[in-house]
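Okay, here's what each chain looks like letter by letter:
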Amino acid sequence: MEIVILAVVIAVVVLGALSGLVIGSRRKKQLPPPPPAAPDITAPPAEPHVGEEAETPRDEARRTIEEVDLPDATATAPVAVEEPPAPVIEIPEPTAGRLVRLRTRLSRSQNALGKGLLTLLSREHLDEDTWEEIEDTLLTADVGVQPTQELVERLRERVKVLGTRTPEELRGLLREELLTLVGTDSDRAVRTEPDTGKPGIVMVVGVNGTGKTTTTGKLARVLVADGRSVVLGAADTFRAAAADQLQTWGERVGAHTVRGPEGGDPASVAFDAVKEGKEIGADVVLIDTAGRLHTKTGLMDELGKVKRVVEKHAPLDEVLLVLDATTGQNGLIQARVFAEVVDITGIVLTKLDGTAKGGIVVAVQRELGVPVKLVGLGEGADDLAPFEPEAFVDALIGD
Ligand SMILES: Nc1nc2c(ncn2[C@@H]2O[C@H](COP(=O)(O)OP(=O)(O)OP(=O)(O)O)[C@@H](O)[C@H]2O)c(=O)[nH]1
Ligand SMILES: [Mg+2]
């Protein structure tokens, strides 16, 4: 009996111990893992200490997040990002004295007009034939009929009074008379002064290929050289290349170009350019327009519209007519028609470097009653000069 009781007790104890083991192991499996310590985002990432090989769960989690979510550390290295090269902004030449510096460019006009006249006037006998030759020289240089007759009349009178003539006297005399024809009283400054919160507004017009875009670009350089901020308006929307051409000029001196879609309305581009000029507080807005034949009424009407639309913002300060000096008398006809459609306030004579017809300065001023303000003396970026009558006449007749 005692043996039976002992056996039952042993069996109960063994069974109890076994069941305790099973429950304990089950409980262990159900327990949640200990919560990770709250990460300290201000602390620098812990460097593993020497000998710390084993990874803690936190280390493992961090590595997983970095691998999946964060960009690779090397992606932020400067070598990985390819920056476009910064544009090189040119510093244009100062404008003062440019005509004097570029005087040799007038060599063709100088030989034909200045030197030709001085040689003729130095003849011992100034007979009728010589005076006729003097007249022809002036006409060939495109001075125009009326101004030529005036000049010859005055020269004849003064030479008669003078009697004998030294070369210096002749030179002085011719200089004075040519200066009278060219005129020294006009205000030849291009009006670009900003006025009570509005930039100076300049529009550039003319027939095809006279040099409008080039002149607009060169003028932007002149203004930037004088410390002014410039916005360019590419109102030649006929060809995308025209806007590109202007933009390239602008980029060289850091001036922004406002442009529209190819074939778009030029008036709205001009309007937007003035609007932007006002908004950013630019000093000057220069508007380049498409070349148009003065004989095409539709195109001339369009030009009138561009002007009217711009004037909804503010009046234009300058309308510059660009004339190619090599086209001679045809330039005068163009000038007349353009002046009717948009009030021309100044003339730019381009390509004076490639012609013997420097006399066109006189003729065109007479035709329009508007002064030549700028002259183009080459294709180079700084080959646009403010027109100075004295420097021009001196260049024509040489020192
Ligand atoms: N030699 C010389 N060439 C000039 C001068 N001004 C402009 N040119 C050249 O004349 C050509 C025409 O110039 P642009 O400025 O494109 O003429 P544009 O009036 O804008 O022409 P369109 O927009 O097509 O009507 C270019 O090759 C210029 O380099 C100048 O004063 N002297
Ligand atoms: Mg152009």
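Model, not experiment: these values are computed from the prediction. (Residues numbered from 1 in each chain as written. Chains lettered and ligands numbered in written order. Predicted model: local features only at pLDDT ≥ 70, side-chain atom pairs only at ≥ 80, totals over all residues. Heavy atoms only, no water.)

Some thoughts on the pairing of strand β2 (residues 230-235)
Quick note on the threshold: For every residue, the accessible area (1.4 Å probe, protein chains only) is compared with the maximum for its type, and the residue is labelled buried under 20%, exposed over 50%, or partly exposed between those bounds. Numbering of helices and strands runs from the N terminus, with a helix taken as a DSSP run of H or I at least four residues long and a strand as a DSSP run of E at least two residues long. Any two strands with at least two DSSP bridges between them are considered paired. By convention, a crossover is right-handed whenever its connection, traced from the first strand over the helix to the second and viewed with the strands pointing away, goes clockwise.
Here β2 lies mainly inside the structure; six of its six residues are buried. Burial along β2 is two-sided: V230, L232 and A234 and V231, G233 and A235, pointing in opposite directions, are all buried. Sheet analysis places β2 next to strand β4 (residues 284-289), joined by six bridges and oriented parallel. Note that in β4 the partner of V230 across the bridge is V284. Here β2 pairs with strand β3 (residues 256-258) via three bridges, running parallel. Residue pairing across strands places G233 opposite V258, the latter belonging to β3. Chirality of the crossover, the property in question, places the unit of β2, helix α9 (residues 240-253) and β3 among those that are right-handed.

Considerations on the packing of helix α11 (residues 297-310) against helix α12 (residues 329-341)
The test is simple: Angles run from 0 to 180 degrees between N-to-C directions of axes, and those axes are lines fitted to C-alpha atoms, restricted for helices to the stretch in contact. Note that the term roughly parallel is reserved for angles under 35 degrees, roughly antiparallel for angles over 145, roughly perpendicular for angles of 65 to 115, and oblique for everything else. Left-handed describes a crossing whose near helix is turned anticlockwise from the far helix through less than a right angle; right-handed describes the clockwise counterpart. Here, two residues are considered to be in contact whenever any of their heavy atoms come within 4.5 Å of each other. Amino acids are sorted into nonpolar (Ala, Val, Leu, Ile, Met, Phe, Trp, Tyr, Cys and Pro), charged (Asp, Glu, Lys and Arg) and polar (every other residue, Gly among them).
Across the interface, α11 lies against α12 with an axial gap of 9 Å and an inter-helix angle of 45°. It follows from the interaxial angle that α11 and α12 lie oblique. As α11 packs across α12, the resulting crossing turns out to be right-handed. Residue-level contacts link M300, L303 and G304 of α11 to V337, F338 and V341 of α12. Looking at the contact of α11 with α12 residue by residue, the classes come out as five nonpolar, one polar and no charged.

Quick word on the site of ligand 1
Note the following rule: One heavy atom suffices: a residue is near a molecule or strand as soon as one of its heavy atoms comes within 4 Å of it. Polar contact is defined as a pair of N or O atoms within 3.5 Å, subject to the rule that within protein one atom must be able to donate a hydrogen and the other to accept it, and that residues adjacent in sequence are counted only when both atoms are side-chain atoms. For the area figures, the Shrake-Rupley method with a 1.4 Å probe applies, and any residue is considered shielded solely by the protein chains shown.
Taken together, 19 residues lie near ligand 1, and K212, T213, T214, D353 and E379 sit nearest. Between T210 and ligand 1, the recorded distance is 3.2 Å, taken from a backbone N or O atom to an oxygen atom. Contacts to ligand 1 include T214, whose side-chain N or O atom sits 2.3 Å from an oxygen atom. For ligand 1, whose free accessible area comes to 660 Å², the fraction covered by protein is 78%. In terms of residue count, helix α8 (residues 212-225) provides more of the shell around ligand 1 than any other element does, four residues in total. Its residues assigned to classes, the shell around ligand 1 comprises one nonpolar, 11 polar and seven charged.

With respect to the environment of I344
Residue placement: I344 occurs in the loop between α12 and β6 (346-350). For I344, a relative accessible area of 9% gives the class buried. For the pair formed by I344 and P371, sequence separation is 27 residues and the distance between their alpha carbons is 9.7 Å. Beyond its immediate sequence surroundings of up to four residues, I344 is in contact with V205, V319, L321, F338, A339, L368 and V370.

Observations regarding α12
Put simply, the rule reads: Directions pointing from the helix axis toward each C-beta atom define the arc.
What α12 keeps buried is the set G331, L332, Q334, A335 and F338. The arc that holds the buried residues of α12, viewed along the axis, is 160°, so those residues lie on one side. Along its buried surface, α12 packs onto β1 (200-205), α11, β5 (318-324) and α13 (360-368).

Considerations on α13
For α13, a buried count of seven out of nine residues is recorded, marking the element as mostly surrounded by other parts of the structure. Residues of α13 that are buried: I360, V361, V362, A363, V364, Q365 and L368. Trailing α13 by a residue or two, G369 shows a phi angle of about 70°, which is positive.

A word on the sheet that holds β5
Note: strands within a sheet are paired through backbone hydrogen bonds, in either parallel or antiparallel orientation. Spatially, β3-β2-β4-β1-β5-β6-β7-β8 is the arrangement adopted by the eight strands of the open sheet, whose pairing is mixed. Here the strands that pair on one side only, and so sit at the sheet edges, are β3 and β8 (384-386). Within this sheet the neighbouring strands show an average axis-to-axis angle of 25°, counted without direction. The sheet contacts of helix α10 (residues 266-279) involve β1, β2, β3 and β4, and relative to β2 the element is tilted by about 170°.

Some words on the environment of L155
With respect to the element layout, L155 can be found in helix α6 (residues 145-162). Relative accessible area serves as the criterion here: at 0%, L155 is assigned to the buried category. Taking C-alpha positions, L155 is 9.5 Å from W131, a pair spaced 24 residues apart along the chain. In this structure L155 touches L121, W131, L173, L174 and E177, once residues within four positions along its chain are discounted.

Let's talk about unusual backbone geometry
Look at D142: it is not a glycine, yet its phi comes out positive at around 70°. Its location among the elements puts D142 in the loop between α5 (128-140) and α6. Taking relative accessible area as the criterion, D142 reaches 5% and is therefore assigned buried. For K351, which is not glycine, the phi dihedral falls at a positive 60°. Looking at the secondary structure, you find K351 in the loop between β6 and α13.

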